[in-house]
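In case you want the letters, here they are:
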Amino acid sequence: MVAKCGIKTGAAKKLAWAAFSEYIRLRDAKSTTGTTTECRCCTCGKIYPAFGKGCIQAGHFIAGRNNAILFEERCVHAQCYMCNVMRKGATVEYFYFMEKTYGREEIDRLYALSKTIKKLTAIELLEIEAQYK
């Protein structure tokens, strides 16, 4: 699909994700270490660089990354590569983090949201990118 601006939806999604991921890592760096350079993993608690080589990632609480939850701020937090990728999200630890941080009602809301379908156009994705830049 090509937007009126000439960019394909897939390319726009990559741009939106890059801006959103950077926002999440910066948000969580400030809240977990009080800096903009280091960030604590929400599941293992170890500190990693917020940006650059070997940096923390923006990991989803609910796997699948469908559009309904892809850019949902409360569903994405700083996670190290080991927890996010190698431990497939460290789901048990992530659940405890979410329950402590937001409570069960918010977890239930996110699970329900993850079951919905949301289509995003390239223009909407570029708006998301602009919002998080």
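Counting starts from 1 at the beginning of each chain's written sequence and moves along it residue by residue. Only residues with pLDDT of at least 70 get local features here, since the model is predicted, and only at 80 or more are side-chain atom pairs given and counted; chain-wide, interface and lining totals rely on the full set of residues. As a rule here, side-chain values come from all non-hydrogen atoms in the structure, and water together with hydrogens is ignored.

Engineer: Is there a simple way to think about a nonpolar patch on the surface in this case?
Structural biologist: On the surface, Tyr81, Met82, Val85 and Met86 cluster together into a nonpolar patch covering about 400 Å² of accessible area. Labels follow the DSSP assignment, with helices taken as runs of H or I lasting at least four residues and strands as runs of E lasting at least two, numbered in each case from the N terminus. Take Met82: it is sitting in helix 3 (residues 81-86). Here the term buried applies to any residue with accessible area under 20% of the maximum for its type, exposed to any over 50%, and partly exposed to those in between, with areas from a 1.4 Å probe on protein chains only. Met82 sits in the partly exposed class, given a relative accessible area of 47%. Residues enter patches when their relative accessible area tops 30% and they take part in no salt bridge; the joining distance is 9 Å for like charges and 5 Å for the nonpolar side chains Val, Leu, Ile, Met, Phe, Trp and Tyr. Here, Shrake-Rupley sampling with a 1.4 Å probe gives the accessible areas, and only protein chains in the shown set may cover a residue. The rule for a salt bridge is simple: a side-chain nitrogen of Lys or Arg has to be within 4 Å of a carboxyl oxygen of Asp or Glu.

Engineer: Just to check I follow, could you spell out the pattern of salt bridges for this structure?
Structural biologist: Should their charged atoms come close, side chains of opposite charge can pair. Applying the stated rule across the entire model yields seven salt bridges. We note a salt bridge from Glu106 to Arg74, for which the minimum N-O separation is 3.8 Å. Linking Glu106 in helix 5 (residues 104-114) with Arg74 in the loop between helix 2 (67-70) and strand 4 (76-79), this pair joins segments that are 32 residues apart in sequence. A salt bridge links Lys133 to Glu129; the nearest nitrogen and oxygen atoms lie 3.5 Å apart.

Engineer: How should I be thinking about the environment of Arg87 in this particular structure?
Structural biologist: Inspection of the secondary structure assignment puts Arg87 in the loop between helix 3 and helix 4 (91-101). The spacing of Arg87 and Glu22 is 65 residues in sequence and 22 Å in space, taken between C-alpha atoms. With sequence-adjacent residues up to four places away left out, Arg87 is seen in contact with Met82 and Glu93. For this analysis, residues touch if any pair of their heavy atoms sits within 4.5 Å.

Engineer: How do you make sense of the environment of Phe95 when you look at a structure like this?
Structural biologist: The residue Phe95 is located in helix 4 in this model. For Phe95, a relative accessible area of 21% gives the class partly exposed. Taking the C-alpha atoms as reference, Phe95 lies 20 Å from Ser21; in sequence the two are 74 residues apart. Sequence-distant contacts of Phe95, defined by excluding residues within four places in its chain, comprise Phe61, Arg104 and Ile107.

Engineer: Just to check I follow, could you spell out the packing of helix 1 (residues 9-33) against helix 6 (residues 122-132) for this structure?
Structural biologist: Relative placement of two packed helices is described by the angle separating their axes and the distance separating the axes. As a packed pair, helix 1 and helix 6 sit with axes 8 Å apart at the nearest point and diverge in direction by 20 degrees. In terms of their interaxial angle, helix 1 and helix 6 are classed as roughly parallel. In terms of crossing hand, the pair formed by helix 1 and helix 6 is left-handed. Note on element contacts: helix 6 touches helix 1 through Ala122, Leu125, Leu126, Ile128, Glu129 and Tyr132, opposite Thr9, Ala12, Lys13, Leu15, Ala16, Ala19, Phe20 and Tyr23. Amino acids are sorted into nonpolar (Ala, Val, Leu, Ile, Met, Phe, Trp, Tyr, Cys and Pro), charged (Asp, Glu, Lys and Arg) and polar (every other residue, Gly among them). Tallied by class, residues from the contact of helix 1 with helix 6 come to 11 nonpolar, one polar and two charged. Convention adopted: a line fitted to C-alpha atoms gives each axis, helices being fitted over their contacting stretch, and angles between N-to-C directions are expressed from 0 to 180 degrees. Relative orientations are named as follows: roughly parallel for angles under 35 degrees, roughly antiparallel for angles over 145 degrees, roughly perpendicular for angles from 65 to 115 degrees, and oblique for any other angle. Note on convention: the crossing is left-handed when the near helix lies turned anticlockwise from the far helix by less than a right angle, right-handed when the turn is clockwise.

Engineer: Quick question: what am I supposed to make of helix 6 here?
Structural biologist: Structural remark: α-helix, 3.6 residues per turn; residues separated by three or four positions point the same way. Ala122, Leu125, Ile128, Glu129 and Tyr132 are the residues of helix 6 that are buried. Buried residues of helix 6 fall within an arc of 115 degrees about the axis and therefore sit on the same side. Opposite the buried face of helix 6, by more than 90 degrees, sit the exposed residues Glu127, Ala130 and Gln131. Note that the arc is computed from the directions linking the helix axis to the C-beta atoms.

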